[in-house]
Every structure is written in structure tokens, then in C-alpha cells.
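As a plain string of letters, each chain reads:
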Amino acid sequence: MISSVFVLLKQVLKKWDANQNMVMSFRVSDLQMLLGFVGRSKSGLKHELVTRALQLVQFDCSPEVFKKIKELYETRYAKKSSEVAQPQPQQHRSPEALSIHSSYDRGSTVARTSISTTNIDYPALYGKYLNGLGRLPPKVAKPEVRLVKLPFYTTLDELLKPTELVPQNNEKLQESPCIFALTPRQVELIRNSRELQPGVKSVQVVLRICYTDTSSPQEDQYPPNIAVKVNHSYCSVPGYYPSNKPGVEPKRPCRPINLTHLMYLSAATNRITVTWGNYGKSYSVGLYLVRQMTSAELLQRLKTIGIKHPELCKALVKEKLRLDPDSEIATTGVRVSLICPLVKMRLSVPCRAETCAHLQCFDAVFYLQMNEKKPTWMCPVCDKPAPYDQLIIDGLLSKILTECEDADEIEYLVDGSWCPIRAEKERSCSPQCPILVLGSSDVNGLLPTPNGNGENGKATADVVDLTLDSSSSEEEEEEDEEDDDDDEGPQPKRRCSYEKGLVSAC
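Below: a short report on this structure. (Residues numbered from 1 in each chain as written. Predicted model: local features only at pLDDT ≥ 70, side-chain atom pairs only at ≥ 80, totals over all residues. Heavy atoms only, no water.)

Some details on the sheet that holds strand S14 (residues 333–337)
Read across the sheet, 3 strands follow the order S14-S18-S19 without closing on themselves; strand pairing throughout is antiparallel. Two strands close off the open sheet at either side, each with one partner strand: S14 and strand S19 (418–420). Pairs of neighbouring strands in the sheet enclose a mean axial angle of 25°, with direction left out of account. Bridge count between strand S18 (residues 409–413) and S19: 3 bridges; the pairing is antiparallel. The residue of S19 that forms the bridge with tyrosine 412 is tryptophan 418. Together, S14 and S18 form the strand contacts of helix H7 (residues 310–321), whose direction differs from that of S18 by roughly 70°. (Pairing = 2+ DSSP bridges. Helix = DSSP H or I, 4+ residues; strand = E, 2+ residues; numbered from the N terminus. Axes fitted to C-alpha atoms, helices over the stretch in contact; angles between N-to-C directions. Contact = heavy atoms within 4.5 Å.)

Okay, structure coming up:
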């Protein structure tokens, strides 16, 4: 028993020595491919890369790492493997670096996708026996690159998981080919889907590209000098937004690239070639079968599942206006505009993000339409992220909009109630300041009422309106004389509703 253990240990040490010798003979590109395979850093000088690779051999002795080392060594020295080569399936293989082979069973509706880096298809060997050795220590699962969910795209199938674009040489411009085939069910979904516009189906095969970062879901990001070729034709890629500011680099809208119109909608294989610039950053690509949604469909979904009950909104108002004992300022009310800050029109579907701290809403209709054209998902009120899955429709403000049609602003009170704030009416031509009475016996000289009669029905003293010029006074006196002569004539227009003889004290 002891002798067999020593034999096994001797074989393990021999294999470690063989792998170390292979690693020592690698070039920089081989070391980078090995480190990228296990998710380690690929930057640095050659001796730093060798050190990391040797540590990998010593501490991560998984079958997959051994296979990768042997594969790179055989590729470099053009030697065929005789120990671990697996029989190749009867399927077309691509000799390039990035090859995606999708096949399907006739009785199955889900495509199988396997990724290979050479002509030999190496399956996962974790948990199996290798060269007569016992079960090796378990390997920690490598985190995968994840892409953020896009509200306007519903994923139906994942044709290719995010796979890193690995440079094959030191050239700045790299090419990575992919080969895959659709299942009959996927072809049928595409053909039977409705058209969003002429030539554009709602069910699509899209290509998504992002940074190779496993720490968090990644947004779409194109590498420099990107070009996508589907079969024999190049696919259009969104261009840059023009920038009028000097010194500001123009931005490019990075969205999923629709490949459907250039693909073979049959059991035939499709070839995709991604051309990209290798400038130090690592990128990953993924292929998905998606259904593209419209802003009207997202609005209908939001109305179905995203309405917040008026009582809950009322409780939120009370919470906002609740008296804080530590604060010296008491808030008795908060004003909310019924005008959308996006388009300056009256709200129709009041909406806001659940993470926003304000009560002001914006119109969901226009917000979704704007993000359909140029997705930013930023709140127009507080300029903070307002993604679709966090949007709510304010049930209380929706009710207020139907009850208050003659006001553009309301005020919430501390008890959760509200009152409309209507625009002030146009000021009348009547003076808004106290009236000075000339010749009055009153001490202050103020006329309390604009009547011609005094307090006891007595006539008050004559007053003079100093706001009129002399010519106007003469014209009015002439008009009064004409009125005495002809009582049936038209009445003259007066500049003020008060009687003559009033003077402003302002």
C-alpha cells in the first residue's frame, strides 16, 4: 500500500516537472493565453508572467490547467497529442482561435454550444481520473462574465456565453471567427415574429460585447476598430455621436448588434468574424436570441405591475413631511408640479424611480420613448439612475390629475391631503395702494372705501388723481361736459374704476 502511494506521488511530481518545463518554454503570447484561461492578470514583463504561470502549476493542479498547458505546448511545437486527445464529433471544426460549435438533437429544442481553442475538442475533466491518478483537489469555479439586462431586449436563448477575445499575435488588429447553427425551433421563432419595421424582425440574433470583468454585470462596450462580418457581408455597427465641444472625444452608443438579416435561417452553419483592435484591454463577446420590445409594450407592462397604491403614496408623503425633532425647520407642505420636466406638458402617466428621494414625477410615456432612442435611464428630476425595473407609477398623483384639471401645481400637506395651487389672476387696473384724500379731516388722510359717500352717508371731500397728466384731465372734463349735453351718447372709457378725484399714495 505504501509503495503504491509512493508511486503515485512520484507520478504527480513527474507531471509537475513536465508542466513546469513546458511553461518555461512558452513565449509571452502563450503565457498570456494560459493566464487569461484561468482569469489571472496578463499584464507585465515575461519573467512576471512566467512566475505567475509556475505558481499556477504548483497550486492549481486541476486537469483543465494541465490540458491547457499541453495544448499550448503542442500548438507551439506542432506535436500531436496521443494521451488526452478525444475523438472529434462528426461536425465541422474551425482551426482558428475562437470557434463556437452549436449543434442540436433532432428531438430537442435547445441548442448545445461547446467552445474550443484548437481542432481538438477538450471536454471538462474536473472530477475524473487522469493517467491513473486518483481524484484531484476540487477546483474553485471560475466566475463568469455577466452582461446587464436590457429592458428593450428579452433573452430567449443564450447561443454563446460571454467568451474572451484572445489575441493570436502581437498585431494591433485581430480577428476572431465564430461558427454556430440555429435549431429548427429558433429558426421558426424568427420567421414567425412580427416586424418592428420593414426588414427588422422582433425576434433577433444579437451580438453583445463588453469588458472582461467578472466583478459585476457589464454594460455593452465596443473595442476599438470593431467590425463584424456575418457569412460574406459586413454588418452595420452604430457610429459615434458628433461632439461640438472642443477637446471632447465623441461618444459611441454601444448596443446589441442585430445579425439576423445576414444569417442563414436554416440548419446551415453561420460564420461570424469579429475584427477588433488589441490595445491592452480585454473584451468578451456573447450571442443571444432575443425579442426586442417597444416603448409602448414596456409602458403597458409598467401599468400592469408597476402602479403604487394611492394609500402607500399618501403614507410616503406623510413620511416626507413628518416633523423631525432634531431639525429646527418645520416643513408644512411640499409643492409638486403637474407639468412633466422632460417635455413641459401636463403629466399623463406620473412616474418616478422607487430609489428617488423626491415626490416630483415625470411622464412615463416620454421617458420610455427617449430611452428607446438613446438609453441613459437617468431621472430628469434628480439626475440619478432610474432603471426600468425600479420605475413605479404614482397612484395618488394619477388620481389627483383626474380630479384637478384647472391647476398646474399642487401642494401636499402634513396630513397627506393636497390642495391645488392655481395661477394668480391678472391684476385689475384698480390701485392696490392706500388712497390719499386731499382736504379730508382724517388725520392719516386715508380713504377707507372707494365710494363717493362718507361714513354717515355724507359726501366726502374732492380728491385729485395725480397719476393723470394735465392733458388727460382736460380731455376728461370736455368729455364730461359733452355727456351733460347728450345723456344718450356712449359712455367714455375710464382708466380707473374709481371716481375722479382719487390720488395714489405710492
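There's more to say after this.
Remarks on the nonpolar core
Leu391, Leu397 and Tyr412 are the most contacted members of the largest nonpolar core, which has 36 residues in total. Looking at this core, the elements that each hand over two or more residues are helix H6 (295–305), H7, strand S15 (350–353), helix H8 (364–373), strand S17 (391–394), helix H9 (395–403) and S18. Among the elements that take part in this core, H9 stands out by supplying 4 residues, more than any other. Not counting residues within four places of it along the chain, the set of residues in contact with tyrosine 412 comprises Val317, Leu321, Thr332, Gly333, Val334, Val336, Leu359, Leu396, Leu397, Ile400, Ser417 and Trp418. Counting 27 residues, the second largest nonpolar core, distinct from the first, contains Leu159, Tyr222, Trp276 and Leu287. (Core = buried A, V, L, I, M, F, W, Y, C linked by side-chain atoms within 4.5 Å. Buried < 20%, exposed > 50% of the residue type's maximum accessible area, 1.4 Å probe, protein only.)

Description of the packing of H6 against H8
For the pair H6 and H8, interaxial distance at closest approach is 9 Å and the crossing angle is 140°. By the criterion of interaxial angle, the relationship of H6 to H8 is oblique. Once H6 is placed against H8, the crossing between them reads as right-handed. Taken together, the residues of H8 that come into contact with H6 (itself represented by Ser295, Leu298, Leu299 and Leu302) are Ala364, Val365, Leu368, Gln369 and Glu372. The class makeup of the residues in the contact of H6 with H8 is 6 nonpolar, 2 polar and 1 charged. (Parallel < 35°, antiparallel > 145°, perpendicular 65-115°, else oblique. Left-handed = near helix turned anticlockwise from the far one by under 90°. Nonpolar A, V, L, I, M, F, W, Y, C, P; charged D, E, K, R; others polar.)

Details of the sheet that holds strand S11 (residues 270–277)
Across the sheet, which stays open at both edges, the 4 strands sit in the order S4-S11-S8-S9 with antiparallel pairing between neighbours. On the outer flanks of this sheet lie strand S4 (173–180) and strand S9 (233–235), each paired with one strand and no other. Averaged over all adjacent pairs, the angle separating strand axes in this sheet is 25°, with direction ignored.

Just distances and angles here, no functional claims.
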